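# Structure at a glance
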Amino acid sequence: MADCDHDCSSCGVEGCGEREEMDLRAYLNQASSVKKVFGVVSGKGGVGKSMVTGLMACAAAKAGQKTAIMDADITGPSIPTAFGLKEQLVACEYGLVPAVTRLGIDVVSLNLLIENETDPVVWRGPVIAGVIKQFWTEVWWNEEDVMFIDMPPGTGDVPLTIFQSLPLEGIVVVTSPQELVGKIVEKAVKMANLMNIPVIGLVENMSYIKCPDCGQIIRPFGESHIKKLAVQYGIPHTAEMPIDPQLAHLVDAGRIEEIQDNPLEKFTKEIL
Ligand code: ADP
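Note that the structure is predicted; figures quoted are calculated from it, not measured. (Residues numbered from 1 in each chain as written. Predicted model: local features only at pLDDT ≥ 70, side-chain atom pairs only at ≥ 80, totals over all residues. Heavy atoms only, no water.)

## Regarding the site of the ligand
Threshold: Residues are labelled near a given molecule or strand when at least one of their non-hydrogen atoms is within 4 Å of it. Counted as a polar contact is a pair of N or O atoms within 3.5 Å, where, for protein atoms, one must be capable of donating a hydrogen and the other of accepting one, and residues adjacent in sequence contribute only when both atoms are in side chains. With residues, only the protein chains shown are counted as cover, and all accessible areas are computed by Shrake-Rupley using a 1.4 Å probe. Runs of H or I in DSSP of at least four residues are treated as helices and runs of E of at least two as strands, each being numbered from the N terminus. Each residue is assigned to one class: nonpolar for Ala, Val, Leu, Ile, Met, Phe, Trp, Tyr, Cys and Pro, charged for Asp, Glu, Lys and Arg, and polar for all the others, Gly among them.
By nearness alone, 16 residues border the ligand, and Gly46, Lys49, Ser50, Asn205 and Pro242 come closest of all. Note that a nitrogen atom of the ligand is positioned 2.9 Å from one of the side-chain N or O atoms of Asn205. The backbone of Pro242 places a nitrogen or oxygen atom 2.8 Å from a nitrogen atom of the ligand. Bound to the protein, the ligand loses 78% of the 560 Å² it would expose on its own. Of all the elements in the fold, those that place two or more residues in the shell around the ligand are helix H2 (49-62), strand E9 (199-210), strand E11 (237-242) and helix H9 (245-252). Here the shell around the ligand takes three residues from H2, the largest share from any one element. Counted by class, the shell around the ligand contains eight nonpolar, six polar and two charged residues.

## Things to note about the nonpolar core
For soluble globular proteins, the rule of thumb is that nonpolar side chains tend to be buried together. What counts, and what does not: In these notes, a set of buried Ala, Val, Leu, Ile, Met, Phe, Trp, Tyr and Cys residues joined through side-chain atoms within 4.5 Å is what counts as a nonpolar core. For the exposure calls, accessible area comes from a 1.4 Å probe over protein chains only, and a residue counts as buried if that area is under 20% of its type's maximum, exposed if over 50%, partly exposed in between. Working rule for contacts: check all heavy atoms of both residues, and any pair within 4.5 Å makes them a contact.
Of all hydrophobic cores here, the largest spans 79 residues; its most connected members are Met70, Phe83, Met147, Ile149, Ile162, Ile171 and Leu264. Looking at which element gives the most residues to this core, the answer is H2, with seven residues. In contact with Ile162, other than residues within four places in its own chain, are Ala72, Ile132, Ile149, Met151, Pro152 and Leu168.

## Considering a nonpolar patch on the surface
Note the cut-off: Any residue with relative accessible area above 30% and no salt bridge may belong to a patch, with like charges joined within 9 Å and the nonpolar Val, Leu, Ile, Met, Phe, Trp and Tyr side chains within 5 Å. What makes a salt bridge here is a side-chain nitrogen of Lys or Arg within 4 Å of a carboxyl oxygen of Asp or Glu, nothing more.
A cluster of nonpolar side chains, namely Met206, Ile209, Ile218, Phe221 and Ile243, defines an oily patch on the protein surface of about 380 Å² accessible area. Note that Ile218 resides in strand E10 (residues 217-218).

## A look at the side chain of Thr101
Within the secondary structure, Thr101 is located in the loop between strand E5 (99-100) and strand E6 (106-109). In this structure the side chain of Thr101 is engaged in a polar contact, spanning 2.7 Å, whose partner is the side chain of Glu257. Excluding residues that lie within four positions of it along the chain, Thr101 makes contacts with Phe83, Leu85, Val107 and Glu257.

Encoded structure:
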């Protein structure tokens with residue numbers, strides 16, 4: 001159109017080709033590069049999504065990959081705690097510099113930017129979505145082989161922004177055994193399909209307990225449905241994680257990287 005000022009935010013002309021082609025993607029800055037990006041999602045909070053993100057990052061780093069974590073769970077960030085990170089982030093000429101864990105994982109989280117980590121983040125969705133775009137664009141992601149994004153739970157505004165604006169290779173869905181029998185996995189798969197992003201992995205957390213004395217495996221929630229669901233939705237990789245008090249202790253103590261038998265080592269290597 002002749003009088004188009006190319007500012008789609010203030011124009012409501014219907015059927016405008018320019019707006020239909022509007023680019024929602026966020027771009028890395030020139031000093032950054034990230035080869036593969038995986039989103040870790042869940043239907044609701046507390047099912048172990050951050051735990052899975054952390055363990056996958058540990059497995060990737062141990063496999064020799066330059067690894068990054070973007071903590072996009074802005075209102076409930078738990079990645080810094082799991083890795084024992086406390087120092088505030090600083091900026092350099094290329095942008096914000098991620099914190100570095102003992103295994104060399106680059107981490108960016110809002111908790112490393114606010115002064116008091118117990119302060120609640122009372123921001124509306126669009127503001128949070130803007131912060132996540134800034135985490136992609138204004139951070140110096142230095143030659144990362146792989147990035148794991150700890151996504152906010154659910155299928156709301158913020159996960160939608162991430163799906164639309166970041167170049168996700170695929171997503172990993174984390175569930176509890178109870179959720180596997182419900183509709184949560186189906187919802188996550190349908191949302192990813194709508195966005196043309198493949199669901200490449202399904203993790204059932206807290207699926208069993210191993211007796212510390214005799215090694216017997218107890219399934220408090222009955223037999224797992226994970227394999228059946230993976231076949232039903234065409235998800236290529238699956239993993240089951242036990243309820244493990246030792247793991248919970250390491251995470252609480254900021255020492256997740258000291259895990260000896262990482263339950264997601266094989267799963268992560270398959271996906272990378
Ligand atoms: P989410 O990111 O989905 O909100 P978290 O990863 O923060 O969930 O996990 C919630 C709590 O449950 C944390 O205290 C975590 O240490 C604990 N937890 C998660 N998975 C396990 C597990 N497999 N065994 C023991 N504790 C776990």
